[in-house]
Amino acid sequence: MGYFFLDIETYIDDEVKYSALNPFTTKSKVIAIAYNYYNEFKISEKIIRKPTVLKEWESGEKKILQDFYTFAKLKIPDDKHFKYLGFNCIKFDLSYLMGRLITHEIDTPENIYYNLFTAPHIIDLGQISQILSNNKFKEILNINQKTTNSFFDLPIKQGTGKDVTKFYKNKEFDKIEKYISEEFSFELLYLKLKRHIYKKETMIKNVVTSN
Amino acid sequence: MLSQAIKQEISNYFKKQNYQVLDLFYKMPCNFCITVENWDKFDFFPDILLKKDSTFNFCFIILSEKEIFKCNEFIKEHSFIQNYKIYFYKDNAFYEYYNEKYILISKDINPLIEKFNSVAKTYKSKNDKFAEVRQMGKLGEDKLINYFKQTNKKHFNLNFNAPCDTCSEPENWKKFNKLPDGILLETGKIFFFEAKSKKNRLFIINERDYKEYLDKNIFFPVRVFFLIFDYNLSKCKEIFYHDVIKKDYPTSKQKDGNITLDVSSNIIQIQ
C-alpha cells in the first residue's frame, strides 16, 4: 500500500526551449528527481519527512535515472498498491522520465512502460485539483500547484522551473534544493484534497459560504 | 587463542611501521571459551586493513599454507577490490606470500596471550534485550544483503559468525572486535556498510557508534543503512541510507542511558 510522491526538475536549453518538456530533444535532461515513498496503508501528517533528492550535478543523469528506476522496479512487485503521486505527474514527470529512461537505454521500452504506467497506480494531484478550479465557464479547467496550495493554505514555492535552470547554470545547487523542498508539499496536498473530496466541498461553494 | 595473539602482534608490527591499521580479525571477549576453541564456522575474510598514504590493502594473515587456497578463492570471488596481500606466519617470523614466493618481513614476532578483567554488563545485557536486538539486527543484515544481490552491488561481509553472536555472558564485551557489517562497492567507491533495523522511522544512531564510524572514515567512508520493518518484523517496508560525516546532529538521551544522534536531515531513501 505504498505512496510514491514524485517530482522532477528538467533543463531548459537556451536554443531548444522545449527541452524541459520534451524528453527526446538533444538538449533534454533531468536535473533532479525528488521522491518520498511511504509503505503504509494510510499516510498522515506525522510521518511526512523531507524528500530524497537525486541530483544530476552529483552523479550524472543516467545514474539518477537508474537509481529511481531500480527503486520502482524492485518495489512494484513487492507492493501491489504502489502508486505514483505528483502534480501533473502523468502529463509531465512520468512521461518525461519514460523518455529519458528509454534514451539512456536503462531497460527495454516495454519494461519501462510497465513500471511507470501499467503496473503502478497513479494519482495525479493536478488532475484532481481541477475540480477546485473557480472559473466563469464552470468547466473543469487546468489549475496550477500555486493556486491549489493557496486554496489549502499550504506553503507556496518561490519562483518557477525556469529559475531552476538559471540556478543550475550558475552552479547555485543549494538554491535548487531549496526550490525543490518548497515545491514538495505533495503529501500535505494529497491529504487536503482527500479530506476536501470526502467533505464534498468545492471552491465555489466555499467562496459563497464565506460571503 | 594463539592465532588471535599472532594476528595482533603482526597488526602491532605494522602500526610501528607507521601504517594505519584496522584489525578485522576476531577477538575473543573472554579469557577462555571451549566453544570458540572448537568452532569451525568462522566466516573467512581478510584479517587486517592497512593504509599508508593513499594506498590500502586488505591482508590475510595465515598460519598454514593450506589457507593460501582459501585466500585466493576469496580474492577471486571479490575481485572488485584489487588490493590484497597474504602474510604467512611461522615460528616467530612472518612473510609476504607473493608470486608463489615467501618474502621475509620480520623474524621478531612474539605473540602474547593477554589476560583481561571482566567488565560490568550493559543495560541491554542485564535486561536480556540482546537476543531481541540481535534477531532484529540479523534480519536487517539479511534484507540488506538481499537488496545488494537484487541490485548487483558488489560487497563482502565482515561478520565473524562467532559463537559470541548468541552468547549473553561475555567477560569483557569491550574486547570483542565490533566491525561494520561489510564492504560495499558503490559507483566505483568503497564503503564500509552497516545495517540498522528499526520498527519505526527513527533515524537515530548511538553517539558512541557514530564516533567509531568517524574513526573508520580514515580508511573508507561508512554508509549506514536503515531498514524499516513492520511491527511484527514480517516485512521490510522501506530502506534508507546515511553517509557518516562529522556534523552537529540533534542529540537525545534514550531510556537505556545512551546518547543518540538524529541523522534524519541527511538520509537517502532507496526502497
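Just so you know, these numbers come straight off a predicted model, no measurement behind them.

Reading guide: rules and limits
Residues numbered from 1 in each chain as written. Chains lettered and ligands numbered in written order. Predicted model: local features only at pLDDT ≥ 70, side-chain atom pairs only at ≥ 80, totals over all residues. Heavy atoms only, no water. 1 Å grid on protein atoms, 1.4 Å probe; cavity = no way out; pocket = protein on both sides within 12 Å on 5 of 7 lines; lining within 4 Å. Points joined across faces, edges and corners; volume = space filled by probe spheres on them. Helix = DSSP H or I, 4+ residues; strand = E, 2+ residues; numbered from the N terminus. Nonpolar A, V, L, I, M, F, W, Y, C, P; charged D, E, K, R; others polar. Contact = heavy atoms within 4.5 Å. Buried area = accessible area lost by both parts, 1.4 Å probe. Salt bridge = Lys/Arg side-chain N within 4 Å of Asp/Glu carboxyl O. Polar contact = N/O pair within 3.5 Å; in protein donor to acceptor, adjacent residues only side chain to side chain. Pairing = 2+ DSSP bridges. Axes fitted to C-alpha atoms, helices over the stretch in contact; angles between N-to-C directions. Phe/Tyr/Trp six-rings, centres within 6.5 Å; stacked < 30°, edge-to-face > 60°. Lys NZ or Arg CZ within 6 Å of the ring centre and 35° of its normal. Domains from an automatic or database assignment. Patch = residues over 30% accessible without salt bridge, like charges linked within 9 Å, V, L, I, M, F, W, Y side chains within 5 Å. Areas by Shrake-Rupley, 256 points an atom, 1.4 Å probe, with all protein chains shown as cover. Buried < 20%, exposed > 50% of the residue type's maximum accessible area, 1.4 Å probe, protein only. Parallel < 35°, antiparallel > 145°, perpendicular 65-115°, else oblique. Left-handed = near helix turned anticlockwise from the far one by under 90°. Core = buried A, V, L, I, M, F, W, Y, C linked by side-chain atoms within 4.5 Å.

Turning to the layout of surface pockets, a few remarks are in order. Residues and elements named next belong to chain A. Roughly 1,400 Å³ of volume is contained in the second largest pocket. Top element by residues in the lining of the second largest pocket is helix H2 (residues 61–78). It accounts for nine residues. Residues belonging to the lining of the second largest pocket are distributed by class as follows: 17 nonpolar, 15 polar and 16 charged.

What follows covers the interface of chain A and chain B. A common way to state how big an interface is: give the accessible area lost once the parts meet. The interface is formed by 17 residues belonging to chain A together with 17 residues belonging to chain B. Counting the surface lost from both chain A and chain B, the interface buries some 1,400 Å², and carbon and sulfur atoms represent 46% of this. It is Asn39, Arg49 and Leu74 of chain A in chain A that bury the most area against chain B; as a group they hold 35% of the surface buried on that side. Summed over the shared surface of chain A and chain B, the result is three salt bridges. With a closest N to O distance of 3.9 Å, Glu238 of chain B and Arg49 of chain A form a salt bridge. Here chain A and chain B share ten residue pairs in polar contact (both at pLDDT 80 or more) between them.

This next bit is on the sheet that holds strand E1 (residues 20–23) of chain B. Residues and elements named next belong to chain B. Within the open sheet, the six strands sit side by side as E1-E2-E3-E4-E5-E6. Their pairing is mixed. Edge strands, defined here as strands with exactly one partner in the open sheet, are E1 and strand E6 (101–106). Sheet twist, expressed as the mean angle between neighbouring strand axes with direction ignored, is 30°. Bridging between E1 and strand E2 (residues 48–52) involves four bridges; their strand directions are antiparallel. Paired with Val21 across the strands is Leu50, a residue of E2. Its contacts with the sheet put helix H3 (residues 67–77) on strand E3 (55–62), strand E4 (84–90), strand E5 (93–98) and E6, and the angle it makes with E3 is roughly 145°.

With that settled, the discussion passes to the packing of aromatic side chains. Counted by the stated rule, this structure contains 53 aromatic pairs over all chains. Relative to Tyr84 of chain A, the ring of Phe82 of chain A lies with its centre 5.1 Å away and its plane at 85°, an arrangement referred to as edge-to-face. When the ring of Phe148 of chain B is compared with that of Phe225 of chain B, the centres are 5.6 Å apart and the planes differ by 75°; the resulting orientation is edge-to-face. Of the two residues, Phe148 of chain B is situated in helix H5 (residues 130–150) and Phe225 of chain B in strand E11 (residues 222–229); the sequence distance between them amounts to 77 residues. Each member of the aromatic cluster is reached from another via a ring pair, and the members are Phe44, Phe56, Phe58, Phe60, Phe74, Phe80, Tyr84, Phe156, Phe192 and Phe220 of chain B. Between Lys29 of chain A and the ring centre of Tyr11 of chain A, over which it is positioned, the NZ or CZ distance is 5.4 Å.

What follows is about the domain arrangement of chain B. Residues and elements named next belong to chain B. Domain boundaries assigned for chain B yield domain 1 (2–106) and domain 2 (123–269). Of note, the centres of domain 1 and domain 2, computed from C-alpha atoms alone, are 25 Å apart. On the side of domain 2, 28 residues touch domain 1, which itself brings 30 residues to the contact. Across the domain 1 to domain 2 interface the summed buried area is about 2,400 Å²; carbon plus sulfur atoms make up 74%. When the area that domain 1 buries against domain 2 is broken down by residue, the three leading residues are Pro29, Phe45 and Phe80, summing to 27%. Where domain 1 meets domain 2, there are zero salt bridges.

Time to look at a nonpolar patch on the surface. Residues and elements named next belong to chain A. Together, Ile131, Ile140, Ile197 and Tyr198 make up a nonpolar patch on the protein surface, roughly 450 Å² of accessible area in all. Here Ile131 lies in the loop between helix H5 (125–129) and helix H6 (145–151). Judged by relative accessible area, which is 43%, Ile131 ranks as partly exposed.

Under the defined criterion, the tally for this structure stands at 26 salt bridges over all chains. Several salt bridges share partner residues, and in doing so they unite Glu40 and Arg49 of chain A together with Arg201, Lys237 and Glu238 of chain B into one network.

A word on the packing of helix H7 (residues 161–169) of chain A against helix H8 (residues 173–183) of chain A. Residue and element names in this part refer to chain A. Across the interface, H7 lies against H8 with an axial gap of 8 Å and an inter-helix angle of 160°. Looking at the two axes, H7 sits roughly antiparallel to H8. The handedness of the crossing between H7 and H8 is left-handed. Residues Gly161, Val164, Phe167 and Tyr168 of H7 pack against Phe173, Lys175, Ile176 and Tyr179 of H8. Each residue belonging to the contact of H7 with H8 can be placed in one class, and the counts come to six nonpolar, one polar and one charged.

Along the polypeptide, Lys75 of chain A turns up in helix H2. Linking Lys75 of chain A and Ile123 of chain A, residues 48 residues apart in sequence, is a C-alpha distance of 17 Å. With near-sequence residues (within four places) excluded, Lys75 of chain A lies in contact with Tyr37, Asn39 and Phe82 of chain A together with Cys236, Lys237 and Gln271 of chain B. A distance of 3.0 Å separates a polar atom in the side chain of Lys75 of chain A from the backbone oxygen of Lys237 of chain B.

Counting residues in hydrophobic clusters, the biggest one holds 46 residues, and the most contacted among them are Phe58 and Ile183 of chain B. For this core, the two domains that each supply at least three residues are domain 1 (2–106) and domain 2 (123–269) of chain B. Of all hydrophobic cores here, the second largest spans 31 residues; its members include Phe5, Ala32, Trp57 and Ile180 of chain A.

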